[in-house]
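# Structure at a glance
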Amino acid sequence: MCPFNMGKDRSVLMIGTEIDIATIPGGIPGCQFRSAALRKLSHNQILIYIGTENGKIILLSWDPCSSDSVLLACRAVGRHAVKGIYPLQESNIVAVLAGEFVLLMDGFLHDSLRPLPFTKGASAMTTRLLSPGQKEGEGEGEGDGHGEEGEGEVSRQAHGFLHKIGRTNRKVSANKLGFGRKSQTSQLAVAAGRRLFLCEVDSEQKGEGERDIVVREIACPEGVVSMGWVDNSIIVGTQDGYALIALGEEEEEGDGRSRGKGKGRANLSPIFALPDAAPPPLLKCFHGDRELLLIVDNVGIVVNVSGQPTAGSVVFKVSPDSIGQTGPYVVTAKNGQVEVYHRKTGFRVQSLSLTVSGHSVIADDIDGKFVVVATQSKVSCLLKVPVEEQLKELLRKKDYDEAVCLAEECVKEGVGSDAKERLSLVHAQAGFQLLFDLQFKEAVDHFLQSEVMQPSEIFPFIMPYPNRWSSMIPRNRYWGLHPPPQHIEQVIEKGLSNIQRGSLLKKAGITSGIYSVGETIPPNPSSRSALLESATQNIIRYLKACRDKSLAPVMKEGVDTLLMYLYRFLGITEEMEQLASSENSCVVEELEALLKESGHLRTLAFLYSSKGLQPQALEIWQVLVQRNLTMPLEGSSFARKKGNESTGFTPDQLAAAAEAAHILEESSDHKLVLKHLAWIIRMDQGLGIKVLTSVKRSRPLPPEEVFSAVDANAVDVHQRYLQWLIEEQGCKDTQFHTSYALLLAKEAIGASKSVTQSVTLHEDVAQSMADGMWNEEKKVLNDGFLTAKEVQNPNEESSKQCICLSTRNRLQSFLLNSDKYDAEAVLHLIEGSELWPEQAILYKKLGEETSVLQILALKLEDSDAAEQYCAELGRPEAYMQLLDMYLEPGEGKEPMYKAAVRLLHCHGELLDPLQVLEALSPDMPLQLASETLSRMLRARVHHHRQGQCYQQLRN
């Protein structure tokens, strides 16, 4: 496929009016046009210059607003063809290339003609175009002093640029031409033979109708037939090819004199040659750009001011007669056929047939808004179609990419103050059309690029009208190219119906109002369910992107609520719960019944919680826990459950309980907490403990109400809560200390019985475990803690022993450190048990010294602890009492002679020998006590004699 057929046709230009010169008053019949030019005087007056083959210039006035045209003048300038007409924009002067001369004349063709004498043999002419940012005379210097006398009267602005180009400097006076009065210059170039004349025309009058023209002369190729001048580069075209003339400063000698003799200096570089038998070279300078279009047969090559190609080639259908420009488009004319090509892409975007045929010439204005095509005796005045109308046409033809490209070009080129808003409108309009064409992904891609589109415009496609956001929907219908919004299911139904109908009509060769014969119809459209799922997924994508934008609060509510609505439709539970549990703007009233109906109770609970509706959320979590239970929750036993051990609940039920506990951890509403605490404890005592001991709430729970609400059988909960109150909250209440001690004591008794039963069943290890227990228990008064003694085979009995030791350790530590509990109540509980160290601590608290010594000496057989306790009492009688216990332990036990001897050995000096002798049993072996008794007696005698000496000394 040829490049010129690849683009889709659209209207870039339209015919404003057609002027038949032969029929208008004063018209000239039978003339053949050779050249044309435009000059814009005002928004409602355009001057059209037409040059003919028989040497005449026709001046027309055209009003684009009313399409009126008037013949202003017809002036003969010679007998030869008028090859070119160049209005000088800076002044009211028109330069005309007629025959082999260049003439300057008044813009309205009123005054007499005066040819420029040095232009004899002229073959081509052009004016200089300055690209954006270039200033007239930028970098220009003063004259070099080699000009003719009187040159100083010429302004520096008039001859400064040409001073840099060459050495020859002519001044020509053009008298009585009535040119304009602006004090600035216009620059043009004239090719004559091998010479190129660069001229600056001063618009300021020097006398009566007199102007100054400064001329520079440089060398150029022979046979120039077309040329263009942009900034400091001139590209000329000959039958052999195109060449670049780069205008630069002349090299100078060291003394400041110019090199060369009589000619200016410029760099001449060939660009490329033309093939044999090629049409005459034709080129066009683009207004506002530093680029030119060079024609080779039917191919246009875009080059920059250095002659280097800058873009892809533009391939024309045929070799054009003439070239024009309007914005980013190239306009060609050939035999009454006008075609428009995009300069960047090379696509042909429009083909326009005129009412006449023949050789055509094109003229355009510098703003690119008007194009004139002169063919035979008719002049067709073309107007640039407004960008908005072009966009509408592209969108109607569903050429969305081209519409977006056109809108982006307008933004890039600054066409209109609302170019960015127009681009957003195009994206939105294209998105809505694609939505109704069932192309949902592409539609949302456009929506996401539109800055003017509001999320509320999508709401009617999701929720039936009317709804709480109906008033927020903008009333703008864009360009009315899509139907009114309706529910997406209706869109899909109508879209499928249209596809089916269009397919049938296409097979019959009938053009429908929906699909034309040449338009692509989806051969195998997706099913209704697949389309509905695709639509929902893509609308979700759009709404999720909108959440990151800065929206009004009401708009945020609509976005989040409808996003949840769509998640629920697709059953995306994970996304629903994530949205509900995070910060959101969902409207609970709109979703409450919907989520209950669909069974998404977890999502509803999260939503309640995120909106501060904790009571409603907790009710949902409780319902989820009670659902599908194998036994009633109120009747489930938790006495056998410790920590997080499962009691038959499913993971979902445990997760629900955990979420409820999380809410209660932060709640300071003690009534709400205690209302739901009971079933949470039944589910998982660990969660209940976390709720009770949470530090996240601002106000603590009333302990009395907590104990009333928690079932008495929840021993672990009571115990852990009391521990938290006492150890972390610093509670000093005697009631709570006593309760905690009693709970620890009950646990220790139970653990001790369990160990005893296990030992009874395994007599082979019973004695070793018992010894280990007593050895560890003996450490409590000295070290303040107990450690589990290892056994060789870590089995169930070993585990029970470790648990027992840990429990006893906590109990003993608390009994030692706390002074707030009722020791008698605790002692009453553990009396008769094997908790001898604990009883010793309690008896000590109560001051019952004899009971303490009996436990330490006789039950625990801990001589060190017993002697240490006697030392704490500080009375010799305590040691004597301990000695009596050793010698007469009672309960059928053998006397503890070794312990008695050790006591006498260590503390005998504190004892009365007579009492000791009386206490000693006749059955005690003499060898055990003889040495100790002797030392005790000697110490006693020594102590008595010291006393006597002290008494004598005092006397």
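Preceding block: the structure.
For the structure given in this document, a descriptive report is provided here. Along each chain, the written sequence defines residue order, and numbers are assigned to residues from 1. Thresholds applied to this predicted model are a pLDDT of at least 70 for local features of residues and 80 or more for the giving and counting of side-chain atom pairs; totals over whole chains, interfaces and linings are not thresholded and use all residues. As a rule here, side-chain values come from all non-hydrogen atoms in the structure, and water together with hydrogens is ignored.

## Quick notes on the overall build of the chain
Numbering of helices and strands starts at the N terminus; helices are DSSP runs of H or I of at least 4 residues and strands are runs of E of at least 2. Assigned secondary structure in the chain consists of 30 helices and 29 strands. With 955 residues in all, the chain has 48% of them scored as buried. For this analysis, residues touch if any pair of their heavy atoms sits within 4.5 Å. Relative to all contacts within the chain whose residues are 6 or more apart in sequence, the contacts with residues 24 or more apart total 59%. Only the protein chains shown count as covering a residue, and every accessible area follows the Shrake-Rupley method with a 1.4 Å probe. When the accessible area of the chain is evaluated, it comes to approximately 45600 Å², of which 48% is carbon and sulfur surface. Under the scheme applied here, a residue whose accessible area is under 20% of the maximum for its type counts as buried, over 50% as exposed, and between as partly exposed, the area being computed with a 1.4 Å probe on protein chains only.

## Notes on the pattern of salt bridges
Counted as salt bridges are all cases of a side-chain nitrogen of Lys or Arg within 4 Å of a carboxyl oxygen of Asp or Glu. Considering all chains together, one arrives at 32 salt bridges under this definition. Of the charged contacts in the structure, one is a salt bridge between Glu393 and Lys397, with a shortest N-O distance of 3.2 Å. Take Glu393: its relative accessible area is 17%, and that puts it in the buried class. Because the salt bridges share partners, they merge into one network encompassing Glu388, Glu389 and Lys392.

## A word on the pairing of strand 12 (residues 185-192)
With eight of its eight residues buried, strand 12 lies for the most part within the structure. Burial of strand 12 is two-sided: the residues Thr185, Gln187, Ala189 and Ala191 facing one way and the residues Ser186, Leu188, Val190 and Ala192 facing the other way are all buried. Any two strands are treated as partners once DSSP identifies two or more bridges connecting them. Bridging between strand 12 and strand 13 (residues 195-202) involves eight bridges; their strand directions are antiparallel. The partner of Ala191 across the bridge, within strand 13, is Leu196. Taking the residues that link successive antiparallel strands as the turn, the strand 12-strand 13 hairpin has two residues, and the phi of Gly193 there is positive, at about 65°.

## Looking at the sheet that holds strand 3 (residues 45-52)
Within the open sheet, the four strands sit side by side as 2-3-4-5. Their pairing is antiparallel. Two strands in the sheet have a free side with no partner beyond their single neighbour: strand 2 (33-42) and strand 5 (68-76). When strand polarity is set aside, the average angle formed by the axes of neighbouring strands in this sheet is 20°. Bridging between strand 3 and strand 4 (residues 56-63) involves six bridges; their strand directions are antiparallel. Bridge pairing in strand 4 links Ile50 to Ile58. Interaxial angle, 0 to 180 degrees, is taken between N-to-C directions of lines fitted to C-alpha atoms, where a helix line uses only the stretch in contact.

## Thoughts on the packing of aromatic side chains
What counts as a ring pair is set by centres within 6.5 Å for rings of Phe, Tyr and Trp (its six-membered ring), and what kind of pair is set by the plane angle: stacked under 30 degrees, edge-to-face over 60, tilted for all other angles. With the rule as written, the count across this model stands at 16 aromatic pairs. Aromatic side chains Phe606 and Trp621 sit 5.3 Å apart centroid to centroid with 75° between the ring planes, which places their arrangement in the edge-to-face category. Of this pair, Phe606 sits in helix 12 (residues 601-610) while Trp621 is found in helix 13 (residues 614-626), placing the two residues 15 residues apart along the sequence. You can call Trp621 buried: its relative accessible area is 1%. Consider the rings of Phe814 and Tyr821, whose centres lie 5.7 Å apart with planes at 35°: the pair is tilted. Here Phe814 and Tyr821 have matching classes, each one buried. Pairwise contacts between aromatic rings join Phe432, Phe436, Phe447, Phe461, Tyr478 and Tyr542 into one cluster.

## Considering the sheet that holds strand 23 (residues 322-326)
Spatial strand order, 23-24-25-26: four strands in an open sheet with antiparallel pairing. Looking at the sheet topology across the chains shown, the edges are occupied by strand 23 and strand 26 (348-353). Sheet twist, expressed as the mean angle between neighbouring strand axes with direction ignored, is 20°. Bridge analysis of strand 23 against strand 24 (residues 329-334) gives five bridges, and the strand direction is antiparallel. Opposite Thr326, over in strand 24, you have Tyr329 as the bridge partner.

## Things to note about the side chain of Ser450
Looking at where Ser450 falls in the secondary structure, it is placed in the loop between helix 5 (440-448) and helix 6 (459-462). Assessed through its relative accessible area of 1%, Ser450 is described here as buried. Definition of a polar contact: a pair of N or O atoms within 3.5 Å, with one able to donate and the other able to accept a hydrogen when the atoms are protein atoms, and with sequence-neighbouring residues admitted only if both atoms are side-chain atoms. Side-chain polar atoms of Ser450 contact the backbone oxygen of Ser424, separated by 2.9 Å. The residues contacting Ser450, other than those within four sequence positions of it, are Ser424, His427, Ala428 and Lys549.

## A closer look at the packing of helix 13 against helix 15 (residues 670-683)
At a minimum axis separation of 11 Å, helix 13 and helix 15 run at an interaxial angle of 20°. In terms of axis orientation, helix 13 runs roughly parallel to helix 15. Between helix 13 and helix 15 lies a crossing of left-handed hand. Only Leu672, Lys675, His676, Trp679 and Met683 of helix 15 make contact with helix 13, whose side of the interface consists of Gln614, Pro615, Leu618, Glu619, Trp621, Gln622 and Val625. When residues are grouped by polarity, Ala, Val, Leu, Ile, Met, Phe, Trp, Tyr, Cys and Pro land in nonpolar, Asp, Glu, Lys and Arg in charged, and all others, Gly among them, in polar. Class assignment for the residues of the contact of helix 13 with helix 15 results in seven nonpolar, three polar and two charged. In these notes the angle categories are as follows: under 35 degrees is roughly parallel, over 145 is roughly antiparallel, 65 to 115 is roughly perpendicular, and the rest is oblique. The hand of a helix crossing depends on one turn: near helix anticlockwise from the far one by less than a right angle means left-handed, and clockwise means right-handed.

## Quick look at the environment of Ile473
By secondary structure assignment, the location of Ile473 is in the loop between helix 6 and helix 7 (488-507). Separated by 17 residues in sequence, Ile473 and Ser456 have C-alpha atoms that sit 5.3 Å apart. Not counting residues up to four positions away in its chain, the partners in contact with Ile473 are Ser456 and Pro460.

## As for the packing of helix 27 (residues 876-887) against helix 28 (residues 897-907)
At a closest axis distance of 8 Å, the pairing of helix 27 and helix 28 adopts a crossing angle of 160°. In terms of orientation, helix 27 and helix 28 fall into the roughly antiparallel class. Judged by the sense of rotation from one axis to the other, the crossing of helix 27 with helix 28 is left-handed. Across from Tyr879, Leu882, Leu883, Tyr886 and Leu887 in helix 27, the residues of helix 28 making contact are Tyr897, Ala899, Ala900, Leu903, Leu904 and His907. A breakdown of the residues in the contact of helix 27 with helix 28 according to their chemical character gives ten nonpolar, one polar and no charged.

## A closer look at the environment of Thr603
Along the chain, the position of Thr603 falls in helix 12. Separated by 29 residues in the primary sequence, Thr603 and Glu574 have C-alpha atoms spaced 9.0 Å apart. Leaving out residues up to four positions away in the same chain, Thr603 has contacts with Met564, Met576, Glu577, Ala580 and Leu595.

## Describing the nonpolar core
Side-chain atoms within 4.5 Å are what join buried Ala, Val, Leu, Ile, Met, Phe, Trp, Tyr and Cys residues into a set we call a nonpolar core. Leu543, Trp621, Leu883 and Tyr886 are the most contacted members of the largest nonpolar core, which has 167 residues in total. Of the residues forming this core, the biggest block, nine residues, is contributed by helix 4 (residues 419-436). When sequence neighbours within four positions are dropped, the list of residues in contact with Leu883 reads Ala900, Leu903, Leu904, Leu911 and Val916.

## Digging into the side chain of Ser863
Along the chain, Ser863 turns up in helix 26 (residues 863-873). Here Tyr886 takes part through its side chain, which lies 3.4 Å from a polar atom of the side chain of Ser863. Other than its neighbours up to four places away in sequence, Ser863 contacts Tyr886, Ala899 and Arg902.

## Notes on unusual backbone geometry
Although it is not a glycine, Ala277 adopts a positive phi angle of roughly 60°. Tracing the sequence through the fold places Ala277 in the loop between strand 18 (266-273) and strand 19 (282-285). Positive phi, close to 65°, is recorded for Lys398, a residue that is not glycine. You can see Lys398 is positioned in the loop between helix 2 (387-396) and helix 3 (400-413). Residue classification places Lys398 among the partly exposed positions, given a relative accessible area of 23%.

## Topic: the environment of Glu583
As for its placement among the helices and strands, Glu583 is situated in the loop between helix 10 (573-581) and helix 11 (588-598). On the accessibility criterion, Glu583 (76% relative accessible area) is exposed. Note: C-alpha distance between Glu583 and Ser610 (27 residues apart in sequence) is 6.9 Å.

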